[in-house]
Each structure stands twice: as structure tokens, then as C-alpha cells.
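One-letter residues, chain by chain:
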Amino acid sequence: MRGSVGVAGAVVALVLMVVAGCTDSGANPGGGAGSSGTQEGQGGPGGSGGSGASGTPRPSTVSGAPSPAAPGAPPAGAFGAPPRIPSAPALPGWAHSLGFARDGSGFALLAECVGDQAAPESGFCRQHVAVLDAGAREWVLRRSPLPRVLGTEGISSNLLSLGPGRALVEEGGPGPAARTWFTQDGGRSWRPGEQRTVGTTPDIPEGAVLATDCADPAEALPDACERERLVVVSPRDGRRRALARGPLLGAHPRPQGQPEPDGSWWVSGTDPLSGRAAVAFSRDGGRRWTVSRLPSPAMDSGWYTAVAVGKDAVYAAEMGDLSGGGEPVKNPMRALHRSVDGGRTWQRMWTTGPSEQPRTLLGLPVPGPGGRVEIGAELSGYRSEDGGRTFVRLNDGTHHTRRTPLGLLREASRCQYALTADGVRWSEFRLACDDLGRG
């Protein structure tokens with residue numbers, strides 16, 4: 001089974017008419033066997049790799065930080081205090097597709113739905129755009145290019161933040177001809193377009209989003225696509241362009257839409273030699289890629305791998321169907337891998353069993369200093385202080401986490417958000433809370 005591929009990895013959360021009900025069981029943490037991945041390069045110098053040592057790492061090795069000259073070491077200051085975002089609980093409706101730029105500006109789509117449960121066909125949803133200008137103390141409402149939709153249709157639109165004052169709104173219809181609107185002035189004006197890919201680009205510019213489209217058959221819908229390719233959503237005009245060179249990761253690569261704090265871009269997929277899970281990273285804007293195989297506990301490639309770069313290590317959560325029995329779960333995490341050399345070699349720290357927790361992951365793992373890493377699972381959060389070998393259950397419940405240019409963004413409920421840059425300190429804010437439970 002292959003997981004669905006989306007631009008921001010959170011489009012599944014946009015159709016909020018469906019409330020996911022999941023079960024999670026067990027409580028005893030367990031560890032996984034350690035091993036290393038092999039590497040293969042593509043695209044010139046820096047693209048080749050070597051093999052690493054195998055064996056379960058000791059806690060002293062797990063928590064050690066790379067030296068300043070270590071490959072993939074993040075820049076100084078990338079993991080400081082969290083940015084402060086003003087709350088706006090009185091915004092109308094409910095918010096989704098929240099995105100930020102490095103200057104602290106942001107966008108969010110809002111949906112305000114009214115209707116009668118006895119006659120749902122009479123209902124409708126108004127859509128708005130909330131904008132936080134750089135340095136502003138409050139969010140403001142600006143005109144949305146999206147049309148009003150019937151209440152029975154649901155909300156499937158999406159917004160991509162593309163840098164300071166720039167964003168792309170997608171209507172959410174099927175196919176490359178689906179309508180889009182681009183702004184470069186903070187939502188004061190919008191230029192119409194469509195999702196069709198035009199031309200190629202040699203690299204991924206700052207502010208862009210990395211996504212996919214169907215290369216074979218050309219412009220086919222996702223269920224009929226035999227081979228996908230990486231595309232770049234441009235911050236210059238909101239158009240999609242095929243990335244000239246991508247990593248060798250099988251027919252269905254899964255990109256992460258935003259770069260990590262060290263500037264690296266990540267894609268997951270299938271190792272062409274073994275057919276097992278693999279990841280690739282680029283540190284030059286997608287011109288060259290380094291591919292490394294994960295020491296997976298499974299023989300197939302699974303669904304995808306969620307990667308998060310921390311100050312001391314990189315974590316890769318391998319997602320896919322679980323084996324060995326246990327309670328079925330909706331977002332299964334097969335294993336958690338850790339790298340201390342920027343993603344060139346990996347050690348499997350956690351192998352999911354039939355009852356050990358965590359068994360699921362919503363979004364990305366949250367790396368902290370030393371060996372600290374947190375997992376937002378379906379019914380609870382879990383924390384490890386030894387690089388993922390053992391976990392303890394947290395009391396703050398579950399949450400979905402994704403990458404933004406300001407840090408990791410956590411959504412704990414439909415209006416409760418928090419940002420972190422170091423995986424420890426969180427800056428909380430609220431958006432569009434007053435209409436919860438109405439409509």
C-alpha cells in the first residue's frame with residue numbers, strides 16, 4: 001500500500017468534515033536493532049557515499065553532537081527561541097492551510113459554514129484569507145479568491161505559503177487544470193492560474209514548495225499515475241515547474257514540501273537496488289542528491305518516510321503497514337532511524353512491535369538537543385531522551401506536526417497551534433476559535 005502524496009503533507013486535514021477515530025494500545029517501550037544504510041549519489045561531487053558500521057548504539061554515542069565541521073551540521077542560530085505569533089481567536093469560521101515565511105508573515109485559509117443538519121443541501125461555506133504582515137501585531141482579513149461552496153461539498157482548498165507576502169491558493173479540484181490564484185502583495189490582489197506544470201527549473205529557490213505531479217501517463221490523476229516526478233511551486237509566479245534532476249527513489253517519490261533548518265531538502269521513496277525504504281537529501285537546492293538506504297525492519301518500501309533535522313541529529317520515521325500483529329492503527333510508524341552525519345548513514349533506534357508505544361506518528365518527529373525526540377501519536381505524545389531507544393508517555397495528548405520556515409508547527413486541535421525552533425520551547429497561539437461547535 002502506498003500512502004497518498006500531497007504538497008504540504010497536511011491536505012488530508014483540510015477535509016474536516018471527517019473526524020478520524022483511531023485506536024492505539026499498549027504501553028511498554030522497546031528498542032530496535034541498530035544498523036547502517038548504504039548510499040548512492042547522483043549529480044556530481046558530493047553525491048557518492050560509503051558504508052557505515054552496524055550494531056546497536058550506546059547512549060553515549062546516541063546523544064553526541066556532530067562537530068562544527070561534521071557533514072550536514074546546521075548553521076549556528078537555527079535552533080533558538082520560538083517566534084512569537086499573535087493570536088486571533090475571533091477570526092470567522094475555522095482555519096486551515098496555515099503557512100509562514102521566514103520574515104514572520106503568514107497566511108491562513110478560513111471557512112465559515114452555515115446550514116441545517118435536517119437539510120444539509122441548503123448549507124454553504126464562505127471562504128476567507130487571514131494575513132499576518134511582517135512585524136504586524138494582529139491578523140487581518142483580506143479578500144479570498146475562492147468561490148462560495150455548498151455545504152455538502154466540503155472544503156478541499158489549500159494554501160501554499162511561498163515567501164514574504166506570497167502565497168498560492170488551490171481550489172482543490174482534480175487534474176492539472178484545477179484553478180489556482182497567486183498573490184505577491186500579501187493577499188491584496190490575486191492572479192488566476194492552474195496547477196499544470198510548465199517547463200523545468202534547475203533548482204529550488206528560497207520560498208518555493210517541493211511537490212509532485214504525474215509524469216507517466218502525463219497529467220494523469222493520482223490513482224492512475226504510474227510514475228511521478230518532483231515539481232517546484234515557484235515563489236516568483238506560483239507556477240509549477242519540473243525539477244531538472246531528482247534522486248533515484250522509484251516511481252513514486254515523496255518530497256517534503258519545506259527545507260529543514262540546515263537548508264536541506266528531503267525526499268523519501270524506494271532504494272532501486274533492494275526495493276526497501278530509502279531517503280535522499282540535497283544541500284544545493286535540488287541540483288545534486290545523496291541517497292541512503294534505511295536499515296528498515298521490512299522488506300518493502302512502505303508508504304513514505306518523515307524526516308526532521310535537529311541540532312544534534314536527523315530523525316527518519318518510516319511509515320507503513322505493521323507486521324507481527326497488534327491493534328490496527330491508522331498512521332502506523334514501522335521504525336524510527338537516527339543519523340549523526342547529516343543523513344549519510346543511519347541507525348535504527350526503534351522498531352514497532354505489537355504493543356510497544358509509540359506505534360503511530362502524526363506528521364513529523366520533533367528533535368530536541370542531545371538524544372531528545374518526541375513523537376505525536378494518535379492518542380498520546382511520547383518522548384525519548386536516548387535518541388529513540390526508549391520512550392515515556394506524555395500527558396499533553398496528541399498533535400500533528402509539520403515543518404514551516406519559522407520552525408515546527410504543532411496543531412493540537414482545530415484552533416490551538418504552537419511553534420518550536422529547538423524542539424523544547426513552544427510558542428502557543430490560537431486562530432479562529434469562536435465558531436467551533438457551530439454551523
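Note that this is a predicted model, so its numbers are computed, not measured. (Residues numbered from 1 in each chain as written. Predicted model: local features only at pLDDT ≥ 70, side-chain atom pairs only at ≥ 80, totals over all residues. Heavy atoms only, no water.)

Trainee: Looking at this structure, I do not really get the sheet that holds strand 20 (residues 314-319). What am I missing?
Mentor: Sheet strands line up and pair through hydrogen bonds in the backbone, either parallel or antiparallel. Strand order across the open sheet formed by four strands is 19-20-21-22, with antiparallel pairing between neighbours. Edge positions in the sheet fall to strand 19 (304-309) and strand 22 (347-351), since each of these pairs with one other strand and no more. Between one strand axis and the next, the sheet turns by 25 degrees as a mean value, whatever way the strands run. (Pairing = 2+ DSSP bridges. Helix = DSSP H or I, 4+ residues; strand = E, 2+ residues; numbered from the N terminus. Axes fitted to C-alpha atoms, helices over the stretch in contact; angles between N-to-C directions.)

Trainee: In this structure, what is going on with the sheet that holds strand 9 (residues 179-183)? I would like to understand it.
Mentor: The four strands lie next to each other as 7-8-9-10, forming an open sheet whose pairing is antiparallel. Looking at strand neighbours, the two that pair on one side only are strand 7 (158-161) and strand 10 (191-194), the edges of this open sheet. This sheet shows a mean twist of 25 degrees between the axes of neighbouring strands, independent of strand direction.

Trainee: Where do I start with the packing of aromatic side chains in this structure?
Mentor: Ring pairs (aromatic) are described by centroid distance and by the angle formed between their planes. For the coordinates displayed, the defined rule picks out six aromatic pairs. Look at Phe100 and Phe429: their rings are 6.1 Å apart centre to centre, the planes differ by 85 degrees, and that puts the pair in the edge-to-face class. Of this pair, Phe100 sits in strand 2 (residues 94-100) while Phe429 sits in strand 30 (residues 427-430), placing them 329 residues apart in sequence. Taking the relative accessible area as the measure of exposure, Phe429 reaches 1% and is therefore buried. Both rings, one in Trp350 and one in Phe391, keep their centres 5.2 Å apart while their planes meet at 85 degrees; by these two values the pair is edge-to-face. One end of the pair, Trp350, is in strand 22; the other, Phe391, is in the loop between strand 25 (381-384) and strand 26 (392-393), and 41 residues separate them in sequence. Phe391 carries the same exposure label as Trp350, and that label is buried. An aromatic cluster of at least three residues, connected via ring pairs, comprises Phe100, Trp139, Tyr417 and Phe429. The positively charged end of Arg254 is found above the aromatic ring belonging to Tyr304, 4.0 Å away from the centroid. (Phe/Tyr/Trp six-rings, centres within 6.5 Å; stacked < 30°, edge-to-face > 60°. Buried < 20%, exposed > 50% of the residue type's maximum accessible area, 1.4 Å probe, protein only. Lys NZ or Arg CZ within 6 Å of the ring centre and 35° of its normal.)

Trainee: I keep staring at the nonpolar core and nothing clicks. Help me out?
Mentor: Generally speaking, a soluble globular protein has its nonpolar side chains buried in company with each other. Residues Ala306, Ala317, Met333, Leu336, Leu361 and Phe391 are the most contacted members of the largest nonpolar core, which totals 21 residues. Counting residues per element, the ones that place at least two in this core are strand 19, strand 20, strand 21 (333-339) and strand 24 (373-376). Of all the elements, strand 20 adds the most residues to this core, at three residues. Once residues within four sequence positions are removed from consideration, Leu361 is found in contact with Ala306, Ala317, Met319, Asn331, Met333, Ile375 and Gly376. In this structure, Leu406, Leu419, Phe429 and Ala432 belong to the second largest nonpolar core, which totals 18 residues. (Core = buried A, V, L, I, M, F, W, Y, C linked by side-chain atoms within 4.5 Å. Contact = heavy atoms within 4.5 Å.)

Trainee: What should I look at first to understand the pairing of strand 7 in this one?
Mentor: Note on strand geometry: in a regular strand, side chains alternate between the two faces of the sheet. The two faces of strand 7 match: Asn158 and Leu160 on one face and Leu159 and Ser161 on the other face are all buried. Looking at chain direction, strand 7 and strand 8 (residues 167-170) are connected through four bridges and run antiparallel. Note on strand 8: the bridge partner recorded for Asn158 is Glu170.

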